[in-house]
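The residues making up each chain are set out below.
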Amino acid sequence: MNAASADLIHLVLGIFGVLIVASIIGYVLERRLSPDGSNAAIENLNARIKAWWVMVVLIGIAFVAGRAGVILLFAFCSFAALREFVTLINTKRADHWALAAAFFVAVPVQYYLLWAEQYGIYSIFIPVYAFLFMPIIAVLRGDTERFLVRIAEVQWALMICVFCASHVPALLTLHIPGYEGRNVLLIAFLVIVVQLSDVLQYVWGKLFGKTKIAPRLSPSKTVEGFVGGVISASLIGAALWWVTPFTPLEAGLLAFVITLMGFFGGLVMSAIKRDRGVKDWGHLIEGHGGLIDRLDSVVFSAPIFFHLVRYWWSLS
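These figures come from a predicted structure and were not determined experimentally.

**Q** Explain the overall build of the chain to me, please; I cannot follow it from the model alone.
**A** Within the chain one finds eleven helices and zero strands. For 316 residues, the compact-globule formula gives about 20 Å, and the C-alpha radius of gyration of the chain, at 20 Å, lands near that figure. Each principal axis of the C-alpha distribution contributes one length, and for the chain these read about 60 × 50 × 35 Å. By residue count, 51% of the 316 residues in the chain fall in the buried class. Across the chain, every contact between residues at least 6 apart in sequence was considered, and the portion connecting residues at least 24 apart equals 71%. Entry remark: accessible area of the chain is about 15400 Å², with carbon and sulfur atoms responsible for 69%.

This is how it looks when you write it as structure tokens:
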């Protein structure tokens, strides 16, 4: 067993240990304080724990399957997230060709380029080529009513659900001196830190939250929860330095940046839901919304984390 496999096993065992403890605590709290499901905070906490179990199992299976498994998993996530997004935007019959191109051309091409490690093209394929050709495809149908709004919404869906999300498996394409064969641990670091930040912000907010940080966007978010969650997740990121090519200080700084991006990403996606008058993006995860509801923080953090890691060595 090589060092990368050993570190991954230790990390997975630690995650399963935490989830088992969290599940037991959630079960006890539910039996004592919410036997009839009336305590929204406890029900929400247990729903988050269940969602974590689903995500950990799926990502674990992908890790076992190797590079191909990880890329296929996130390609599926991009496809499913794009479907959720499209259900909430303004589209007409005239947009069907453009939407078909988004689902059956943009998604597979983006992930194929990633598989081929063609950074020079996959980094611009969607924000340049897809953004230029999608309005061309749509305009050929001749429907100009709300044309700009319709095209901009599809482009934004592609940017969030495909381009940003694809930067998670793109971490596998990085060539870091002395870190060969361990890139999958960078994905684990990103997902763990960002998702823990969300959970810790919720916990700190419930325990000490008094000051609403954005009541019109997300009433449950508080200044106290935000500060406590970001600091806690940053410290956890520093403690996980051993799975990264960085020092504890560098890992903590990276964790701080991606937790900030995750927080603001969550606010942006909440604003879109408020604009559309919906509570959740979908119903893929029972009792806890759709795929985008669980990955909104990760997709906003992923491109920043990817490029910080990619160019760190040239700056150091």
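**Q** Just checking my understanding: could you explain the nonpolar core for this structure?
**A** Generally speaking, a soluble globular protein has its nonpolar side chains buried in company with each other. The biggest cluster of nonpolar side chains holds 90 residues, and the ones touching the most others in it are Leu82, Phe85, Leu158, Phe189 and Phe305. Among the nonpolar cores identified, the runner-up in size contains five residues, and Ala214, Phe226, Phe263 and Leu267 belong to it.

**Q** Just checking my understanding: could you explain the packing of aromatic side chains for this structure?
**A** Each aromatic ring pair is characterised by the separation of its centres together with the angle its planes make. A complete count under the given rule lists nine aromatic pairs for this structure. Here Tyr119 and Phe306 contribute two aromatic rings whose centre-to-centre distance is 6.0 Å and whose plane-to-plane angle is 25°, an arrangement assigned as stacked. In this pair, Tyr119 sits in helix 5 (residues 119-122) while Phe306 sits in helix 11 (residues 291-315), placing the two residues 187 residues apart along the sequence. Each member of the pair Tyr119 and Phe306 is classed as buried. For the ring pair Phe189 and Phe305, a centre distance of 5.9 Å and an interplane angle of 25° mean the geometry is stacked. Highlighted residues: Phe189 in helix 8 (residues 184-208) and Phe305 in helix 11, separated in sequence by 116 residues. Of the two residues examined, Phe189 and Phe305, each falls in the buried class. In this structure an aromatic cluster arises from ring pairing among Phe79, Phe103 and Phe104. Over the ring of Trp115 we find Arg67, and its NZ or CZ is 4.3 Å from the ring centre. Over the ring of Trp97 we find Arg141; its NZ or CZ atom is 4.4 Å from the centre of that ring.

**Q** Hey, could you run me through a nonpolar patch on the surface in this one?
**A** A contiguous nonpolar surface patch, about 870 Å² in accessible area, is contributed by Trp97, Ile124, Val128, Tyr129, Leu132, Phe133, Ile136, Val139 and Leu140. Residue contributions to the nonpolar patch peak at six residues, all from helix 6 (residues 125-139). Locating Phe133 in the fold gives a position in helix 6.

**Q** Could you clarify how one ought to interpret the UniProt feature "transmembrane region" (unreviewed entry) in the chain in this entry?
**A** This chain's UniProt record puts "transmembrane region" (unreviewed entry) on residues 7-29, 49-82, 94-113, 119-140, 147-172, 184-204, 225-243 and 249-272. In the segment residues 119-140, helix accounts for 86% and strand for 0%; the C-alpha atoms at its two ends are 31 Å apart. Counted over residues 249-272, helix gives 100% and strand 0%. Its end C-alpha atoms are 35 Å apart.

**Q** Please explain the packing of helix 3 (residues 67-86) against helix 4 (residues 96-115) as it appears in this structure.
**A** Between two packed helices, what matters for the description is the angle formed by their axes and the separation of those axes. One can describe the packing of helix 3 onto helix 4 by two numbers: an axis separation of 10 Å at closest approach and a directional angle of 155°. By the angle class used here, helix 3 and helix 4 are roughly antiparallel. The hand of the helix 3/helix 4 crossing is right-handed. Here Arg67, Ala68, Ile71, Phe74, Ala75, Ser78, Phe79, Leu82, Arg83 and Val86 of helix 3 lie close against helix 4, whose contacting residues are Leu99, Ala102, Phe103, Phe104, Val107, Tyr111, Leu114 and Trp115. Of the residues assigned to the contact of helix 3 with helix 4, the class counts are 15 nonpolar, one polar and two charged.

**Q** Help me out: how do you make sense of the pattern of salt bridges in this one?
**A** Any two side chains of opposite charge can pair, on the condition that their charged atoms come close. Applying the stated criterion across every chain, the model contains seven salt bridges. Of the charged contacts in the structure, one is a salt bridge between Arg150 and Asp95, with a shortest N-O distance of 2.8 Å. Here Asp95 lies in the loop between helix 3 and helix 4 and Arg150 lies in helix 7 (residues 147-164), a separation of 55 residues in the sequence. Residue Glu153 pairs with Arg276 through a salt bridge whose shortest N-O separation is 2.3 Å.

**Q** I tried to follow the side chain of Lys273 on my own but got confused; where do I start?
**A** Positionally, Lys273 belongs in helix 10 (residues 248-276). Overall, the relative accessible area of 9% leaves Lys273 in the buried class. Apart from the residues lying within four places of it in its own chain, the contact partners of Lys273 are Val278, Lys279, Asp280, Trp281 and Asp293.

**Q** Please clarify how the confidence of the model for the chain should be interpreted in this entry.
**A** Parts of the prediction with low pLDDT should not have their coordinates interpreted in detail. This prediction gives the chain a mean pLDDT of 86; 92% of its residues lie at or above 70. Mean pLDDT in the chain bottoms out at helix 2 (residues 40-65), which sits at 74, and peaks at helix 4, which reaches 95.

Cut-off values and rules
Per chain, residue numbering runs from 1 following the sequence as it is written. Given that this is a predicted model, residues contribute local features only at a pLDDT of at least 70 and side-chain atom pairs are listed and counted only at 80 or more, while totals for whole chains, interfaces and linings are drawn from all residues. Each side-chain value is worked out from all heavy atoms of the structure, with water and hydrogens disregarded. Think of it this way: any DSSP run of H or I at least four residues long counts as a helix, any run of E at least two long counts as a strand, and we number them from the N terminus. This radius of gyration counts C-alpha atoms alone. The globule rule is 2.2 Å times how many residues there are, raised to the power 0.38. Accessible area is worked out with a 1.4 Å probe on protein chains only. A residue is then buried under 20% of its type maximum, exposed over 50%, and partly exposed in between. Any two residues having at least one pair of non-hydrogen atoms within 4.5 Å are treated as being in contact. Here the Shrake-Rupley method, with its probe set to 1.4 Å, supplies the accessible areas, and only the displayed protein chains count as covering residues. Residues belong to one nonpolar core when they are buried, are Ala, Val, Leu, Ile, Met, Phe, Trp, Tyr or Cys, and are joined through side-chain atoms within 4.5 Å. Side-chain rings of Phe, Tyr and Trp (the six-membered ring for Trp) are treated as a pair once their centres are within 6.5 Å; stacked means planes under 30 degrees apart, edge-to-face means over 60, and tilted covers the remaining angles. The rule is short: NZ of Lys or CZ of Arg within 6 Å of the ring centre and within 35 degrees of the ring normal puts a charge over the ring. Here the term patch refers to residues with relative accessible area over 30% and no salt bridge, with like charges joined within 9 Å and nonpolar side chains (Val, Leu, Ile, Met, Phe, Trp, Tyr) within 5 Å. Within this document, salt bridges are pairs made up of a side-chain nitrogen of Lys or Arg and a carboxyl oxygen of Asp or Glu, the two lying within 4 Å of each other. UniProt positions are given in the numbering used here, feature names are shortened, and annotations may be inferred rather than shown by experiment. Lines fitted to C-alpha atoms define the axes, with helix axes restricted to the stretch in contact, and inter-axis angles between N-to-C directions lie between 0 and 180 degrees. Orientation labels follow simple angle bins: below 35 degrees gives roughly parallel, above 145 gives roughly antiparallel, 65 to 115 gives roughly perpendicular, and whatever is left gives oblique. Two helices that cross are described as forming a left-handed crossing if the nearer one is turned anticlockwise from the farther one by less than a right angle, and a right-handed crossing if clockwise. All residues other than Ala, Val, Leu, Ile, Met, Phe, Trp, Tyr, Cys, Pro, Asp, Glu, Lys and Arg, Gly among them, are scored as polar; the first ten of these are nonpolar and the last four charged. The score called pLDDT rates the predictor's confidence residue by residue, from a low of 0 to a high of 100.

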